[in-house]
Amino acid sequence: MNRFAAAGVVIASIAVPSYSHAQEEPDTVKLRELVVTATRLETPIADAPGSITVLHGDALRSSGTRFLADALRAVPGVTLAQSAGPGALTSLFIRGGESDYVQVLIDGVQVNDPGGSFDWAHMRTEDIDRVEIVRGPASVLYGSDAVSGVIQIFTRTGGAPRVEAGMSGSRGDRHAGDTGSFDNHAYDASLTGRTAVPLGDDASVSYGLSGSRAGSTGLFALNSDYDHTSFSGRLSLDAARGELGLTTRLTVNEYHYPTNGAGLVVDRNQFSTGSSRSFGARAGYRISDAVDLRVLGTLHDTDAATRNPPDAEEIDRYWSTTDQRRTSLDAHVNVGVPLASVLTVGAEREWQQARTASESVSEFGTFTDSTDEQRHNTGWYAQLHGSPFSAVSLTVGARVDDNEKFGTFRTGRAALSWRPLEMLRLHGSFGTAFREPTFFENFATAYSRGNPDLEPEHTRSRDIGAEYVAFGGAVAVGATWFDQRFRNLIQYTFDTPAPDAPNYYNIGAARAHGIEVSASAAVRAFNATASYTRTATRVTDDGFGEDLAFQEGESLLRRPRHQAAVNASVQLGDAAAARFGARYVGEREDLDFTDPAQWSGIRTTLDAYTVVDAGMTYALVHGSRRSVDLSAGIRNLFDRAYQEIHNFPAPGRVIYLGLRAGLGL
């Protein structure tokens, strides 16, 4: 471990709950887990700015969790909303922020749309090593979209050479107006390992390859199929003074859906397709013991299409395509400075491009539209992180972005962690962040007119918390109060000031504040985590006042005021482990579009619900080289009927069975 990672590392237990493999005995003494997303340095969780949760891929797979979204629902401060079943659009909110306020990285490659959100419907767990969820502003290091948090997914690589294969299937009850059941299936295979190379005593090559295919018959009896295929690869060369790394990821999906925006079943043949290609190349060189140079180049390209062919005896049809590409180059240097600190200074250049096309045919005629736009951004940033005094960790950073469209924008962040007692940590942070406009908000020409002069949305965030660890890490509790103020929000207006005026303006404001509470316990073969989040949101300026989803004094949509989760596991001998989980989501506001006379919707309140899951894992073969694990369980054990989005019922009881085999090479 180099001096950047070693600064401040002491022997202690985890300070926030994380998920551990059900078949692993808890350690009596643990090194604090290192994370990299919060600071771009290997940093102990307790010394990193923001509140952080880490999910581990082995634990997710052994629990039968196949979609990452299902695991993220139990993370403090995180809320998800999915429109129907597998493949349906899935949005994620952190601490009451918008779904496009979360930057998503996979092995360092940003994968959310420029200025937009990430669809969590297709992110599976087969190739995941770990997931770092950082709650709090992070635009200082990551630029646009890192407003209320950053989620980084690391894929599997390294370790003793090993090949794995798995298969799973499930059957669930429909709660979508159709009787009967739906089926899911998935297959995956992977190869991981590390081997020494003749470039020095410490030189090695790590690799990881993974592929999966999954499908579902969906929640509706009509036009509800879903298919997904993905491939990921990761290769790295590590030597004494430097490293080189390459990553790639390819995904293809197709989702059929019979519903309109109100959740009504109206179409037998509309569907959407999507594909993405991601590439990343990184290099690092340790110039001296005190100077470390890092370079990262990324490319992420997505193609999305929606198609609605004409039904029998109808002429209506519609299709649209969107191709978005973002390319970036980041270079930064880490310099060791006095008082056990590291100064990071860097620059990032990003190029964005979007092409769209659409055609609509109806009794009113044929309408076509197309756009081809591009923009770029340059950011300079600096961060000082370290432990200038005993038991104190400090992070201070600033960033300046020079954007082709909105000009110069500045953000900053400061965070302090103090350990007055070995078992107690107090922490607080303050920061600003921003979201750039989407291409549609800037350049739309068809049914809306974009505004190329929009400024970025921005936020001011702060939090204060405490964490207490006892009994050598066997028990940990923590609480964090947070407050976010959103300004310059982009609002839409039907009634433009002039016929040729744009429909989008910076005119709205909102606030979200609350508290996150977490606890964990590990006693011999028993492990448990629990969390509670209270989030209060309020619109403080509704701009034009035309949008029922954004009314002054009202709550933001789909953000529950109360939510809680409990997860527990117990080891039953050497081969078996049992799991139990429960999630509570309180009431939240939404819009009801089922009445055609109310075309702008009616505000409604979604009912609170509790979902209980249970499962078991049994090691048929368990050894250092060979393993065969059987997992089985039930999600939504009591067949609870609930909705995350109005009139889009969630799945009922789902029974699953999975088999995973591994072989050391």
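Whatever comes next refers back to the structure up there.
The structure displayed is predicted, hence computed values, not measured ones. Each chain carries its own residue numbering, running from 1 in the direction its sequence is written. Where totals are concerned, whole chains, interfaces and linings use all residues; where local detail is concerned, this predicted model gives features only for residues with pLDDT of at least 70, and gives and counts side-chain atom pairs only at 80 or more. Values shown for side chains rest on all heavy atoms present in the structure; no hydrogens or waters enter the calculation.

Asks: For this particular structure, what's the right way to read a nonpolar patch on the surface?
Replies: Taken together, the side chains of Met167, Tyr187, Tyr618, Leu620, Val621, Leu630, Leu657 and Leu659 make up a nonpolar region of the molecular surface, amounting to roughly 730 Å² of accessible area. Every element with two or more residues in the nonpolar patch is listed here: strand S31 (609-622) and strand S35 (654-664). Among the elements that line the nonpolar patch, the one with the most residues is S31, at three residues. Inspection of the secondary structure assignment puts Tyr187 in strand S11 (residues 181-196). Surface patches are drawn from residues lacking salt bridges whose relative accessible area is over 30%; two like charges belong together within 9 Å, two nonpolar side chains (Val, Leu, Ile, Met, Phe, Trp, Tyr) within 5 Å. Only the protein chains shown count as covering a residue, and every accessible area follows the Shrake-Rupley method with a 1.4 Å probe. Any Lys or Arg side-chain nitrogen located within 4 Å of an Asp or Glu carboxyl oxygen qualifies as a salt bridge. Note on conventions: DSSP H or I runs of at least 4 residues are helices, E runs of at least 2 residues are strands, and numbering of each starts at the N terminus.

Asks: Looking at this structure, how should I read the sheet that holds strand S6 (residues 102-106)?
Replies: Within a sheet, each strand pairs with its neighbour through backbone hydrogen bonds, oriented either parallel or antiparallel. In this analysis, strands are considered paired if DSSP registers two or more bridges between them. The strand order S3-S8-S9-S6-S7 describes an open sheet built from five strands, whose pairing is mixed. The sheet is open, and its two edges are formed by strand S3 (51-56) and strand S7 (109-110), each paired on a single side. As paired elements, S6 and strand S9 (residues 149-155) share five bridges and run parallel to each other. Paired with Gln103 across the two strands is Val150, which belongs to S9.

Asks: How should I be thinking about the nonpolar core in this particular structure?
Replies: Formed by 23 residues in total, the largest nonpolar core has its most connected members in Leu55, Leu68, Leu72, Leu92, Trp120 and Ile133. Broken down by secondary-structure element, the contributors of at least two residues to this core are helix H3 (68-72), strand S4 (78-82), strand S5 (90-94), S6, strand S8 (128-135) and S9. Whether two residues touch is decided by their heavy atoms; if any such pair falls within 4.5 Å, the residues are in contact. Dropping the residues within four chain positions of it, Leu68 is found in contact with Leu55, Leu60, Trp120, Met123, Arg124, Thr125, Ile128, Val131 and Ile153. If you look at the next biggest cluster of nonpolar residues, it comprises 14 residues, including Ala84, Phe93, Phe648 and Val654. Here, the term nonpolar core denotes a set of buried Ala, Val, Leu, Ile, Met, Phe, Trp, Tyr and Cys residues that are joined through side-chain atoms within 4.5 Å. Exposure classes here rest on a 1.4 Å probe applied to the protein chains alone. A residue is buried below 20% of its type maximum, exposed above 50%, and partly exposed in between.

Asks: Sorry, what's going on with the packing of aromatic side chains here?
Replies: The description of two aromatic rings rests on the distance between their centres and on the angle between their planes. The aromatic pairing rule takes the rings of Phe, Tyr and Trp, using the six-membered ring of Trp, and pairs them if the centres are within 6.5 Å, calling planes under 30 degrees apart stacked, those over 60 edge-to-face and the rest tilted. A complete count under the given rule lists 13 aromatic pairs for this structure. Considering the side-chain rings of Tyr492 and Tyr504, the 5.3 Å spacing of their centres and the 65° angle between planes classify their relative orientation as edge-to-face. Residue Tyr492 is found in strand S24 (residues 475-492), and its partner Tyr504 is found in strand S25 (residues 504-523); the two are separated by 12 residues along the sequence. With relative accessibility at 26%, the residue Tyr492 sits in the partly exposed group. An aromatic cluster is present here, built from Phe440, Tyr492, Phe494, Tyr504 and Trp599 joined pairwise through their rings. Charges are assigned to positions over rings by a cutoff of 6 Å between ring centre and Lys NZ or Arg CZ, combined with an angular limit of 35 degrees from the ring normal. Of note, Arg124 hangs over the ring of Phe67, and the distance from its end group to the ring centre comes to 4.8 Å. Directly above the ring of Phe154 sits Arg130, whose terminal nitrogen or CZ lies 4.0 Å from the centroid.

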